Amino acid sequence: MFKFILTEVRGPVGIITLNRPEILNAWNGAMRDELVVAFEQFENQDGVRAIILTGAGDRAFGAGQDLNETKTFDADRAEEWVAEWERLYHRMRTLSKPLVIALNGVAAGSAFQVALLGDFRIGHAGVRMGQPEINSGIASTTGPWIMKEMIGLARTMDLTLSGRLMDAEESHRIGLINRIVPQDRVMAESLALAEELAAKPPVAMRLDKQRFREMTEAGFRDALAAGVRIQREAYASGEPARMMEEFLAKRAAKRA
């Protein structure tokens, strides 16, 4: 039933795989909608007690937003775009079951944010993570919120304004990757952790996750409100569309 993601169940673990490897699993509105449905299905499936989210291929967990979609936005569509992210992020934040992110490659932009919304992240030495949205003319709103919650304001400003990607060692050192394992062991280790978490008492798990959500809800709602205001101003200026066209043209020239 899905076009852009894959789902499967292994014992007590539901697995969701972003499945656009030809464009580094970058997502558009349809993929986000499918993710909401898949999370909903696993949340309501009694036999599933933990969830893994990963990406297809060996290059990327996700490159973030598909710029071929956002380069066409105007201010009204940008506001709708924020609402689409709200649906996905809210669904992830309200999961009662633990969520493990299996990082098989780069996690950039909104894919970096989604990775941080997981409860645990397992990656390998070649993983890179960060918030390069500024390089393609996209202002960041939800990204700084989740980063600040996890790594503080100074590092959040560094990553947001520079657009640089951290290597796995730095990500692990500051607590964003929980475990670094050999590349061919990422899924096996993620499954082992998910099975361990699936065996925990489910009521305590649900209540712990609920409390973490309560602790961060005010910041989340503020980020969404700011997102509407900031993205409307950004897209009304025309800068994002212009910068994305330039970014895509440079990328195409490198591949030629």
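Only a predicted model underlies this, so the values are computations on that prediction, with no experimental measurement involved. The residue numbers shown here count from 1 along each chain, following its written sequence. The predicted origin of the model limits local features to residues at a pLDDT of at least 70 and limits the giving and counting of side-chain atom pairs to 80 or more, whereas totals for whole chains, interfaces and linings rest on all residues. Note: side-chain values were computed over all heavy atoms of the structure, leaving out hydrogens and water.

Novice: Give me the overall build of the protein: which residues, what numbers.
Specialist: Starting at the N terminus, helices and strands are each numbered in turn, a helix being any DSSP run of H or I of at least four residues and a strand any DSSP run of E of at least two. Counting its regular elements, the protein contains 10 helices and 10 strands. The reference for a compact globule is 2.2 Å times residues^0.38; the radius of gyration itself is calculated from the C-alpha atoms. For a compact globule of 256 residues, the expected C-alpha radius of gyration is about 18 Å, and the protein comes in at 17 Å, within 12% of that figure. Dimensions of the protein, computed from the C-alpha atoms along their principal axes, are close to 50 × 40 × 40 Å. Each residue is placed in one exposure class: buried if its accessible area under a 1.4 Å probe, protein chains only, is under 20% of its type's maximum, exposed if it is over 50%, and partly exposed if it falls in between. Across the 256 residues that make up the protein, the buried fraction comes to 51%. Here, two residues are considered to be in contact whenever any of their heavy atoms come within 4.5 Å of each other. Here the analysis covers contacts within the protein between residues at least 6 apart in sequence; of these, 74% occur between residues at least 24 apart. Accessible surface for the protein amounts to roughly 11,700 Å². Of this, 53% is attributable to carbon and sulfur atoms. The accessible surface values rely on the Shrake-Rupley method and a 1.4 Å probe; as for residues, cover is taken only from the protein chains in view.

Novice: Go over the packing of helix α5 (residues 142-151) against helix α9 (residues 202-237), please, and point to the residues and values.
Specialist: Each axis is a line fitted through C-alpha atoms, and for a helix only the stretch in contact is used; angles between axes span 0 to 180 degrees, taken between their N-to-C directions. Between α5 and α9, the least distance of the axes is 8 Å, while the angle of their chain directions is 160°. Considering the angle they form, α5 stands roughly antiparallel to α9. Judged by the sense of rotation from one axis to the other, the crossing of α5 with α9 is right-handed. Between α5 and α9, the residues in contact are Thr142, Trp145 and Glu149 and Thr216, Gly219, Phe220, Ala223 and Leu224, respectively. Orientation is classified from the angle alone, with under 35 degrees giving roughly parallel, over 145 giving roughly antiparallel, 65 to 115 giving roughly perpendicular, and any other angle giving oblique. Note on convention: near helix rotated counterclockwise from far helix by under a right angle means a left-handed crossing. Clockwise means right-handed.

Novice: Give me the lowdown on the sheet that holds strand β3 (residues 50-55), citing residues and values where you can.
Specialist: If DSSP finds at least two bridges between two strands, the strands pair. In space, the six strands of this open sheet follow the order β1-β2-β3-β5-β7-β10, with mixed pairing throughout. Strand pairing shows two members of the sheet lacking a second neighbour, β1 (5-10) and β10 (179-180), which therefore form its edges. In this structure, strand β2 (residues 13-18) lies alongside β3, joined through six bridges in parallel fashion. Paired with valine 13 across the strands is alanine 50, a residue of β3.

Novice: Outline the nonpolar core, listing residues and values.
Specialist: Counting residues in each nonpolar core, the largest one holds 55 residues, and the members touching the most others are Phe39, Leu53, Phe61 and Met129. If you tally residues by element for this core, the top one is helix α3 (residues 75-93), at seven residues. Ignoring sequence-local partners within four residues, the contact set of phenylalanine 39 consists of Ile16, Ile51, Leu53, Leu88, Arg91, Met92, Leu95 and Leu99. To define a nonpolar core, start from buried Ala, Val, Leu, Ile, Met, Phe, Trp, Tyr and Cys residues and group those joined through side-chain atoms within 4.5 Å.

Novice: Help me get a handle on unusual backbone geometry, residues and values and all.
Specialist: At leucine 24, a position not held by glycine, the phi torsion is positive, near 55°. Take leucine 24: it is sitting in the loop between β2 and α1 (29-43). Within the chain, asparagine 25 stands out as a residue other than glycine whose phi angle is a positive 60°. One can find asparagine 25 in the loop between β2 and α1.

Novice: Please set out the packing of aromatic side chains residue by residue, giving values where relevant.
Specialist: Each aromatic ring pair is specified by the distance between its two centres and by the angle formed by the two planes. Between rings of Phe, Tyr and Trp, where Trp is taken as its six-membered ring, a pair exists when centres lie within 6.5 Å; planes separated by under 30 degrees are stacked, by over 60 edge-to-face, and by other angles tilted. Applying the stated criterion across every chain yields a total of six aromatic pairs. Here the aromatic rings of tryptophan 27 and tryptophan 85 are separated by 5.6 Å at their centres, their planes lie at 65°, and the arrangement is edge-to-face. Remark: tryptophan 85 occurs in helix α3 and tryptophan 27 occurs in the loop between β2 and α1; sequence separation between them is 58 residues. For tryptophan 27, a relative accessible area of 0% gives the class buried. Arginine 32 extends its terminal NZ or CZ atom over the ring of tryptophan 85, reaching a point 4.6 Å from the ring centre. In this arrangement the basic side chain of arginine 93 is found over the ring face of phenylalanine 220, its NZ or CZ atom lying 4.6 Å from the centre. To sit over a ring, a charge needs its Lys NZ or Arg CZ within 6 Å of the ring centre and within 35 degrees of the ring normal.

Novice: Describe the packing of α1 against α3, with residues and values.
Specialist: Contact geometry for α1 and α3: axes closest at 9 Å, N-to-C directions at 20°. The angle between α1 and α3 places the two elements in the roughly parallel class. Crossing of α1 over α3 shows left-handed handedness. Contacts from Gly29, Arg32, Leu35, Val36, Phe39, Glu40 and Glu43 of α1 reach α3 at Trp81, Glu84, Trp85, Arg87, Leu88, Arg91 and Met92. Polarity classes work like this: nonpolar for Ala, Val, Leu, Ile, Met, Phe, Trp, Tyr, Cys and Pro, charged for Asp, Glu, Lys and Arg, and polar for all others, with Gly in that last group. Classifying every residue of the contact of α1 with α3 gives seven nonpolar, one polar and six charged.

Novice: Quick one: what's the story with the environment of alanine 78, residue by residue and with numbers?
Specialist: By the secondary structure assignment, alanine 78 is in helix α3. Exposure remark for alanine 78: the relative accessible area of 0% places this residue in the buried category. Taking C-alpha positions, alanine 78 is 6.9 Å from tyrosine 235, a pair spaced 157 residues apart along the chain. If we ignore the near neighbours within four places in the chain, the residues touching alanine 78 are Phe73, Gln231 and Tyr235.

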